[in-house]
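The lines below spell out each chain.
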Amino acid sequence: MNKLLLPALCAAFAAPAVWASAKCETHPRSEWIKQEDFKKQLEAQGYKIDKFKVSGQCYEIYGKNKNDKKVEIYFDTKTGKPVKSEVQQ
């Protein structure tokens, strides 16, 4: 195999693990915080939400926090607790 191709293939297969989404607990949908209610709670905490979506068993937001830093945060759909977050430095 081409010596240059092998590292590229390894990187391509490793990349999905780096960008894997958060692992949230599975809750019945009837127990989830309603999306609109949760968005309002986050906005009341100072978040500016650009994108809000369901990602697997998590709520996920892209936007800015109260300090105007870019954020990507996954939340538990029942408790609203953050499960994984990335904040711009």
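See the structure above.
The structure contained in this document is the topic of the report that follows. This structure is a prediction, so every number in the text was calculated from the model and none was measured.

## Let's talk about the state of the cysteines
Put plainly, two cysteines are in a disulfide when a covalent bond ties their sulfur atoms together.
Here is step 1: The full count for this structure, using the stated rule, is 1 disulfide.
Here is step 2: Each sulfur of the disulfide joining cysteine 24 and cysteine 58 lies 1.9 Å from the other. Measuring handedness by torsion sign, the sulfur bridge of cysteine 24 and cysteine 58 sits at about 110° and is right-handed. Remark: cysteine 58 occurs in strand E2 (residues 58-64) and cysteine 24 occurs in the loop between helix H1 (5-18) and helix H2 (35-44); sequence separation between them is 34 residues.
Here is step 3: You can call cysteine 58 buried: its relative accessible area is 1%.

## Let's talk about the pairing of strand E1 (residues 48-55)
The two faces of the sheet receive side chains in turn, since in a regular strand these alternate between them.
Here is step 1: Examined bridge by bridge, E1 and E2 share 7 bridges and lie antiparallel to one another. From the neighbouring strand, valine 54 faces E2, where its bridge partner is tyrosine 59.
Here is step 2: Linkage of E1 to E2, two consecutive antiparallel strands, is achieved through a turn of 2 residues, within which glycine 56 is found at a positive phi near 65°.

## Some remarks on the nonpolar core
Here is step 1: One finds Trp32, Ile33, Phe38, Leu42, Tyr47, Phe52, Tyr59, Ile61, Val71, Ile73 and Phe75 forming the largest nonpolar core, which totals 11 residues.
Here is step 2: Of all elements in the fold, only H2, E2 and strand E3 (70-76) reach the threshold of two or more residues within this core.
Here is step 3: For this core, the element with the most residues is E3, which contributes 3 residues.
Here is step 4: Excluding residues within four positions of it along the chain, phenylalanine 75 makes contact with Cys24, Phe38, Leu42, Cys58, Tyr59, Ile61, Gly80, Lys81, Pro82 and Val83.

## Remarks on the side chain of asparagine 65
Here is step 1: Looking at the element boundaries, asparagine 65 is found in the loop between E2 and E3.
Here is step 2: A distance of 2.9 Å separates the side chain of asparagine 65 from the backbone nitrogen of asparagine 67, its partner in a polar contact.
Here is step 3: With sequence-adjacent residues up to four places away left out, asparagine 65 is seen in contact with Gly46, Tyr47, Val71 and Val87.

## Here we look at unusual backbone geometry
Here is step 1: Even without glycine at this site, aspartate 68 takes up a positive phi of about 65°.
Here is step 2: Among the structural elements, aspartate 68 can be located in the loop between E2 and E3.
Here is step 3: On the basis of relative accessibility, which here comes to 43%, the residue aspartate 68 falls in the partly exposed class.

The rules behind each value
- Residue positions are counted from 1 within each chain, in the order its sequence is given.
- Totals for whole chains, interfaces and linings use all residues, but because this is a predicted model, local features are given only for residues with pLDDT of at least 70 and pairs of side-chain atoms are given and counted only at 80 or more.
- The side-chain numbers reported here are obtained from all heavy atoms of the structure, hydrogens and water having been left aside.
- In this description, a disulfide is simply a cysteine sulfur pair whose atoms lie within 2.5 Å.
- Helix and strand assignments follow DSSP, with helices taken as H or I runs no shorter than four residues and strands as E runs no shorter than two, numbered in order from the N terminus.
- Buried, partly exposed and exposed residues are distinguished by accessible area as a fraction of the type maximum, computed with a 1.4 Å probe on protein chains only: under 20%, between the cut-offs, and over 50%, respectively.
- DSSP calls a pair of strands paired once it identifies at least 2 bridges connecting them.
- Residues belong to one nonpolar core when they are buried, are Ala, Val, Leu, Ile, Met, Phe, Trp, Tyr or Cys, and are joined through side-chain atoms within 4.5 Å.
- In what follows, a contact means two residues having at least one pair of non-hydrogen atoms within 4.5 Å.
- Counted as a polar contact is a pair of N or O atoms within 3.5 Å, where, for protein atoms, one must be capable of donating a hydrogen and the other of accepting one, and residues adjacent in sequence contribute only when both atoms are in side chains.

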